[in-house]
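So the chains spell out like this:
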Amino acid sequence: MQEPIFLKPVFHEKIWGGTGLHDEFGYDIPSDHTGECWAISAHPHGPAEVINGPYKGMKLNELWDQHRELFGNAEGKVFPLLTKILDANQDLSVQVHPDNEYAEEHEHELGKTESWYVIKAKPGAMLYYGHNATTREEFADMIHHKQWQKLLRKMPVKEGDFVYVPHGMVHAVGAGIMVLETQQSSDTTYRMYDFDRVDQKTGKLRELHIQQSIDTVEVPFKMPTLNHKEWDVGDVHVTQFVMAEYFGVFKLSVAGMGNFENKDGKYVLLSVIDGQCVLKIGQKEYKLQKGQHLILPSTVTEWSLDGDATLIASKPGDEA
Ligand code: ZN
């Protein structure tokens, strides 16, 4: 098939959400507590629907099951990636995600390594990233004594930053930050601290998963090393933020025309986060604009972009 696959996002309301997904991208959001846009998703908690072409009306998980030729005949029970946009009007819970092995055993799904491209950040915005415990015992002890200030590491971020969050990393997106998240297709979150917030809907505190957090955290904290690279494809500047076992994430800064060749036989996920451009495949042209999300199937081996836009691209890693 020589066509892109456009997808219709699914929205999730969250205690920490806001109206940013409407304000920034014009999405039709369900409420003023909308936290997550699941843009390219085959996950059962919110599969996105194909909105064009011969597979219009199918869910991405169905397409993965029935047309694996579009995905380079990749193996694997589930489509391995998930692209979201998160609007953190308040801090998210401080959390940890498991690796594939732990997640398979306890949750019957994939583990979760994730990453964030910062679309917007208010001045002074901070993330939680990593911790200060030197042993698992010390980590548990600091949680039990609620020594959050001492335990948690904070990190300032600004627009355009990229943050890689491997499984086992303590983390939270902070208030005033909007990110495009590229992650493994998993919805397993071990919440270790939720700022003692009451959920307005239920009148209760949200559930914590202290033991699972202690089991799965990486100790001591290690700053991951990323294989950052940059190159030009015609008038498109490509920034490779990371290419790791589960996924690669790239920024395409389009300022004119660039011709791309798919050399590795992988499919590519694309999200337009700013501007507009034209995607050309053969003689067919597709207008791309801010807020759109699509997949270029592996059967599309040559394509071009022309215009003035910023896109975040991702593709599966070798262990996805
Ligand atoms: Zn997370």
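Notes on the structure in this doc start here. (Residues numbered from 1 in each chain as written. Predicted model: local features only at pLDDT ≥ 70, side-chain atom pairs only at ≥ 80, totals over all residues. Heavy atoms only, no water.)

Some thoughts on the overall build of the protein chain
Along the protein chain, the regular secondary structure elements total six helices and 22 strands. Relative to its length of 320 residues, the protein chain is compact, with a C-alpha radius of gyration of 19 Å against a globular reference of 20 Å. Along the longest, intermediate and shortest principal axes, the C-alpha atoms of the protein chain span 65 × 40 × 40 Å. The buried share of the protein chain, reckoned over its 320 residues, is 55%. Counting only contacts in the protein chain whose residues sit at least 6 apart along the sequence, the fraction spanning at least 24 positions is 72%. (Helix = DSSP H or I, 4+ residues; strand = E, 2+ residues; numbered from the N terminus. Rg over C-alpha atoms; globule rule 2.2 N^0.38 Å. Buried < 20%, exposed > 50% of the residue type's maximum accessible area, 1.4 Å probe, protein only. Contact = heavy atoms within 4.5 Å.)

Focus: empty space enclosed by the protein
For the structure shown, the criterion picks out one cavity of 30 Å³ or more. Estimates place the volume of the largest cavity at around 40 Å³. Lining the largest cavity are Met 1, Glu 3, Pro 4, Ile 5, Val 50, Asn 52, Gly 53, Pro 54, Tyr 55 and Leu 63. In the lining of the largest cavity, the residues fall into seven nonpolar, two polar and one charged. (1 Å grid on protein atoms, 1.4 Å probe; cavity = no way out; pocket = protein on both sides within 12 Å on 5 of 7 lines; lining within 4 Å. Points joined across faces, edges and corners; volume = space filled by probe spheres on them. Nonpolar A, V, L, I, M, F, W, Y, C, P; charged D, E, K, R; others polar.)

Topic: a negative patch on the surface
A grouping of Glu 230, Asp 232, Asp 235, Glu 285 and Asp 306 is seen on the molecular surface, where their side chains present a negatively charged patch. Along the chain, the position of Glu 230 falls in strand β16 (residues 229–233). (Patch = residues over 30% accessible without salt bridge, like charges linked within 9 Å, V, L, I, M, F, W, Y side chains within 5 Å. Areas by Shrake-Rupley, 256 points an atom, 1.4 Å probe, with all protein chains shown as cover. Salt bridge = Lys/Arg side-chain N within 4 Å of Asp/Glu carboxyl O. Lys, Arg positive; Asp, Glu negative; His and termini not counted. Charge placed at Lys NZ, Arg CZ, Asp CG, Glu CD.)

A word on the nonpolar core
Counting 39 residues, the largest nonpolar core has Leu 60, Leu 63, Phe 71, Phe 79, Ile 85 and Ile 295 as the members making the most contacts within it. Beyond its immediate chain neighbours, meaning those up to four positions away, Ile 295 contacts Pro 4, Ile 5, Leu 7, Ile 40, Leu 60, Phe 71, Phe 79, Tyr 267, Val 268 and Leu 269. Formed by 24 residues, the second largest nonpolar core is a distinct cluster that contains Val 233, Val 268, Cys 277 and Leu 305. (Core = buried A, V, L, I, M, F, W, Y, C linked by side-chain atoms within 4.5 Å.)

A look at the pairing of strand β22 (residues 302–316)
Counting buried residues in β22 gives 11 out of 15 residues, a clear majority hidden from the surface. Where strand β18 (residues 247–261) lies against β22, 15 bridges are found, and the strand directions are antiparallel. Each residue of the ladder has a partner; that of Glu 261, found in β22, is Glu 302. (Pairing = 2+ DSSP bridges.)

A word on the packing of aromatic side chains
Here the structure, examined in full by the defined rule, presents 18 aromatic pairs. Between Trp 64 and Phe 79, the aromatic rings sit 5.6 Å apart at their centres with planes inclined by 80 degrees, giving edge-to-face as the arrangement. Note that Trp 64 is positioned in helix α2 (residues 60–66) and Phe 79 in the loop between α2 and β5 (81–88), a separation of 15 residues in sequence. As far as burial versus exposure is concerned, Trp 64 and Phe 79 are alike and both buried. With a centroid separation of 5.6 Å and 35 degrees between ring planes, the pair formed by Phe 79 and Tyr 267 is classed as tilted. Here Phe 79 is found in the loop between α2 and β5, whereas its partner Tyr 267 is found in the loop between β18 and β19 (268–281), with 188 residues between them in sequence. Tyr 267 carries the same exposure label as Phe 79, and that label is buried. Residue placement shows Lys 290 over the ring face of Phe 25; its charged tip is 5.5 Å from the ring centre. (Phe/Tyr/Trp six-rings, centres within 6.5 Å; stacked < 30°, edge-to-face > 60°. Lys NZ or Arg CZ within 6 Å of the ring centre and 35° of its normal.)

Things to note about the side chain of His 67
By the element assignment, His 67 lies in the loop between α2 and β5. Within the structure, the side chain of His 67 is placed 2.9 Å from the side chain of Glu 69, a separation counted as a polar contact. Residue contacts for His 67: discarding those within four places in its chain leaves Tyr 55 and Met 58. (Polar contact = N/O pair within 3.5 Å; in protein donor to acceptor, adjacent residues only side chain to side chain.)

A word on helix α4 (residues 136–144)
Residue pairs three or four apart in sequence face the same way in an α-helix, which turns once every 3.6 residues. Residues of α4 that are buried include every one of Phe 139, Ala 140, Met 142 and Ile 143, and no others. In a view along the axis of α4, the buried residues occupy a sector of 165 degrees, so they form one face of it. Exposed residues pointing more than 90 degrees away from the buried face of α4 are listed as Glu 137 and His 144. Where α4 is buried, its residues meet β8 (126–131), α5 (148–151), β13 (190–193) and α6 (210–216). Residue Lys 146 follows α4 closely and has a positive phi angle near 50 degrees. (Arc of directions from axis to C-beta.)

Without other data, these values stay purely geometric and don't point to any function.
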